[in-house]
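Structure assessment
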Amino acid sequence: MMHCTLNDLCRAVDGTLLQRGSADGFDGVTTDSRKNAEGQLFIPLVGERFDGHNYLSQAFAQGAVGCLCSRVPETMEEGKFYVQVEDTKLALRALSAWYRGLFDIPVVQISGSAGKTTTKQMIAAVLSEHFSTLKTFGNLNNEIGTPLTLLQLEQHHEAAVIETGIDTYGDLRYLGMAVRPTVAVLTNIGDAHIENMDNSRLGVLKAKSEIFEDLQPGGLAVLNGDDALLRTLELPFKTVLCGESEYCDVRVSDIVERGMDGMDCTVTTKKQSYRLSVPSPGRYMIYSVSMATAIAEELGMSEAEIVAGVANYLTTGSRMRRVKLREERLLVDDCYNANPQAMCSALQILSGTAGHKVAVLGDMGELGEVSVPAHREVGALAAQLPVDAVVAIGPKSADIAATAGAKAQHFLTIEEAMPVIRDLFIPGTTVLVKASHSMGFEKIAKELEETYQ
């Protein structure tokens, strides 16, 4: 973060300076009093079960030079500045919005029901071939993570790729006021968090369409053109539809899947065709690839840069992370999160691998009224595909086991399932591990990795 003065801070957050400190400003922002905060501003957030104001002294001990506060402390530490605001979370967003306004650069904002992180990683990989590019770290895509990401912008940055996730209506509007994208990307409309949006995909579409409210004049909208709902949108912006169908402006063809090694495809725009090699499995990668190509071309990047950027794509975290283990075992760690569309895609990828194939699947959360049919649909697909065994874990996953048939076993807990998973993970086996993050399936991936490394 570039240095910001106290005057900058007070103007940005409409704050009242209660006490000056020994520093005239700050060089970073933190909301975690446990981490090194040398030269930084501490913003104490307030939740139902916590109040960051109780940790001001701890943040100062870590090197913070000052703080915001919505609750004035009884005593103020000498040498530290204090700025009073009405709401510290809103002040964090206001500060990030002001700071983002200092940068006249392309800012790509990404949302969608599935594939946000994959698309963020791909677009950033491609843009980084030409631009010094900031991207959202990990999954810091919420009302706290997004402002903190924007505050990571430095003078050398020439582009930013910002992932934004939502739970319900109003979330994208809240984040968009800070991001103010020049390019808005929607990956798809699915069932993730659907229970919070009227249990309807039209409700999800309405919530996701908030991304366009802060798309800057002359901006670009990049949409999944194979999504029946997204392609119906009529927007007052230049719009590019990406995918395989006849509706698309940027089309993907000649797809050659190489199993767990990735795939090759041709992406054709109105200007030219690009033959691209993607180092990650899954047919769904065509959307992130075509979207990245469309954006890069719009920003004037060359064919060589686009080809190299796609080839340099790296997965992040527990998202189709492939771990080769002894005796030709392969662990596919995709347990960061799950929704019906992503679960079915992962099963398709597993089915295309050689050897013995085992799917370890868990509950998918926040599906509301579609939860039972969604889990049953996953099980039915597993029954149809050449997958040798299904281990379903969690109360909701009983519906996966019910429709997966004789190849499935159901357990309520990870502890109950682990002996069976170990027995199934024989030499030459590929195991897919996937569930919503709340299921804690990283425990399964970690144990298998440590046992068979």
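**Brief notes about the overall build of the protein**
Across its full length, the protein holds 14 helices and 22 strands. Expected size for 453 residues packed as a compact globule is a radius of gyration near 22 Å; at 24 Å, the protein falls within 12% of this value. In the protein, buried positions account for 56% of the 453 residues. Contacts spanning at least 24 positions in sequence make up 64% of the contacts within the protein whose residues lie at least 6 apart. If you sum the accessible surface of the protein, you get close to 18,900 Å²; carbon and sulfur atoms cover 48% of it. Mean positive and mean negative side-chain charge positions of the protein (40 and 58 charges, respectively) differ by 2 Å.

**What to know about helix α4 (residues 116-127)**
The terminal C-alpha atoms of α4, which comprises 12 residues, lie 16 Å apart, in line with the 16 Å expected from a rise of 1.5 Å per residue. For α4, the full list of buried residues reads K116, T117, T118, T119, K120, Q121, M122, I123, A124, A125, V126 and L127.

**Some words on the state of the cysteines**
One pass over the full model with this rule turns up zero disulfides. With no disulfide of its own, C335 lies 18 Å from the sulfur of C344, the closest cysteine sulfur. Taking relative accessible area as the criterion, C335 reaches 1% and is therefore assigned buried.

**Remarks on the pairing of strand β20 (residues 389-393)**
Walk down a regular strand and you will see the side chains alternate between the two sheet faces. Among the five residues that make up β20, five are buried, leaving the element largely enclosed by the rest of the structure. The pairing of β20 with strand β21 (residues 408-411) spans four bridges and is classified as parallel. Bridge pairing links V390 to A408 in β21. You can see the chain leave β20, run along helix α12 (residues 398-404) and come back into β21, and the turn it takes is right-handed.

**Let's talk about the environment of N339**
If you trace the backbone, N339 turns up in the loop between β18 (329-333) and α10 (340-351). Separated by 269 residues in sequence, N339 and S70 have C-alpha atoms that sit 38 Å apart. In contact with N339, not counting residues within four places along its chain, are S113, A114, A192 and M364. In this structure the side chain of N339 is engaged in a polar contact, spanning 2.9 Å, whose partner is the backbone nitrogen of A342.

**So, α10**
In this model α10 runs 17 Å from its N-terminal to its C-terminal C-alpha over 12 residues, within 8% of the 16 Å that 1.5 Å per residue would give. Buried within α10 are the following residues: P340, M343, C344, A346, L347, I349, L350 and S351. Taken together, the buried residues of α10 touch β19 (356-362), α11 (371-384) and β22 (429-434). For α10, the capping residue at the N-terminal end is N339, with a side-chain oxygen 3.1 Å from the backbone nitrogen of Q341.

**Remarks on the pattern of salt bridges**
Pairing of side chains with opposite charge becomes possible as their charged atoms draw close. With the rule as written, the count across this model stands at 17 salt bridges. In this structure, D264 and R258 form a salt bridge, with 3.3 Å as the shortest nitrogen-oxygen distance. Close ionic contact of E327 with R329 constitutes a salt bridge, the shortest N to O distance being 3.0 Å. E327 gets classed as partly exposed once you look at its relative accessible area, which sits at 48%.

**So, the side chain of T146**
Here T146 shows up in helix α5 (residues 145-150). Among residues more than four places away in sequence, those in contact with T146 are L140, N141, I162, E163, T164, L175 and V179.

**Some thoughts on the layout of surface pockets**
One number sums up the size of the second largest pocket: a volume of about 680 Å³. Lining the second largest pocket we find 29 residues, and of these T31, L140, I144, G145 and L148 sit closest to its centre. Considering each element in turn, the lining of the second largest pocket owes the most residues, three residues, to α5. Among the residues forming the lining of the second largest pocket, the class breakdown is 11 nonpolar, 11 polar and seven charged.

**Details of the packing of aromatic side chains**
As enumerated under the stated definition, the model contains five aromatic pairs in all. Here W98 and Y99 contribute two aromatic rings whose centre-to-centre distance is 6.4 Å and whose plane-to-plane angle is 45°, an arrangement assigned as tilted. The exposure class of W98 is partly exposed, given its relative accessible area of 25%. What links up through ring pairs into an aromatic cluster is the set W98, Y99 and F103. Over the ring of Y169 we find K206; its NZ or CZ atom is 5.4 Å from the centre of that ring.

**Some details on unusual backbone geometry**
In this structure, E328 takes a positive phi of about 60° despite not being glycine. By the secondary structure assignment, E328 is in the loop between β17 (321-325) and β18. Phi at E366 takes a positive value of approximately 55°, unusual for a residue other than glycine. Along the chain, E366 turns up in the loop between β19 and α11.

**Side note on the sheet that holds strand β4 (residues 29-30)**
Read across the open sheet, the five strands follow the order β2-β7-β6-β5-β4; overall the sheet is mixed. Of all strands in the sheet, those bounded by a partner on one side alone are β2 (16-19) and β4. Direction of pairing for β2 relative to strand β7 (residues 81-84): antiparallel, over a ladder of three bridges. Bridged to L17 within β7 is V83. Contacting β2, β5 (41-42), β6 (66-69) and β7, helix α1 (residues 6-13) crosses the sheet at an angle of about 15° to β7.

Conventions used here
- Along each chain, residues carry numbers from 1 onward, in the same order as the chain's sequence is written.
- Under the rules for a predicted model, residues below a pLDDT of 70 receive no local features and side-chain atom pairs below 80 are neither given nor counted, while totals for whole chains, interfaces and linings still include all residues.
- As a rule here, side-chain values cover all heavy atoms of the structure and leave hydrogens and water aside.
- A helix here means a DSSP run of H or I that spans at least four residues, while a strand means a run of E at least two residues long, and both kinds are numbered starting from the N terminus.
- The globule rule used for comparison is 2.2 Å times the number of residues to the exponent 0.38, while the radius of gyration itself is calculated over C-alpha atoms.
- Burial classes: relative accessible area under 20% of the type maximum marks a residue as buried, over 50% as exposed, and values in between as partly exposed (1.4 Å probe, protein chains only).
- Any two residues having at least one pair of non-hydrogen atoms within 4.5 Å are treated as being in contact.
- With residues, only the protein chains shown are counted as cover, and all accessible areas are computed by Shrake-Rupley using a 1.4 Å probe.
- Counting rule applied: Lys, Arg positive; Asp, Glu negative; His and chain ends not counted.
- Working definition for charges: the position is that of NZ of Lys, CZ of Arg, CG of Asp or CD of Glu.
- Multiplying one less than the number of residues by 1.5 Å gives the expected span of a helix.
- In what follows, a disulfide is any cysteine sulfur pair within 2.5 Å.
- In this description, strands pair whenever DSSP reports at least two bridges between them.
- Seen with the strands pointing away from the viewer, any crossover whose path from the first strand over the helix to the second strand runs clockwise is right-handed.
- Pairs of N or O atoms are called polar contacts if they sit within 3.5 Å, as long as, within protein, a hydrogen donor faces a hydrogen acceptor (for residues adjacent in sequence, only side-chain-to-side-chain pairs).
- Salt bridges are defined by distance alone: a side-chain nitrogen of Lys or Arg within 4 Å of a carboxyl oxygen of Asp or Glu.
- Grid points spaced at 1 Å over the protein atoms alone were grouped into cavities, where a 1.4 Å probe fits but cannot get out, and pockets, open sets with protein on both sides within 12 Å along at least five of seven lines, with lining residues defined by an atom within 4 Å of a point.
- Grid points are joined across faces, edges and corners, and a volume is the space filled by probe spheres set on the points.
- Any residue that is not Ala, Val, Leu, Ile, Met, Phe, Trp, Tyr, Cys, Pro, Asp, Glu, Lys or Arg is counted as polar, Gly included; the first ten are nonpolar and the last four charged.
- Aromatic rings from Phe, Tyr and Trp, with only the six-membered ring used for Trp, were paired whenever their centres fell within 6.5 Å, and each pair was classed as stacked if the ring planes differed by under 30 degrees, edge-to-face if by over 60, and tilted otherwise.
- Here, a charge over a ring is recorded when the distance from Lys NZ or Arg CZ to the ring centre is within 6 Å and its angle to the ring normal is within 35 degrees.
- Angular values range over 0 to 180 degrees, each being the angle between N-to-C directions of two axes fitted as lines to C-alpha atoms, with helices fitted over their stretch in contact.

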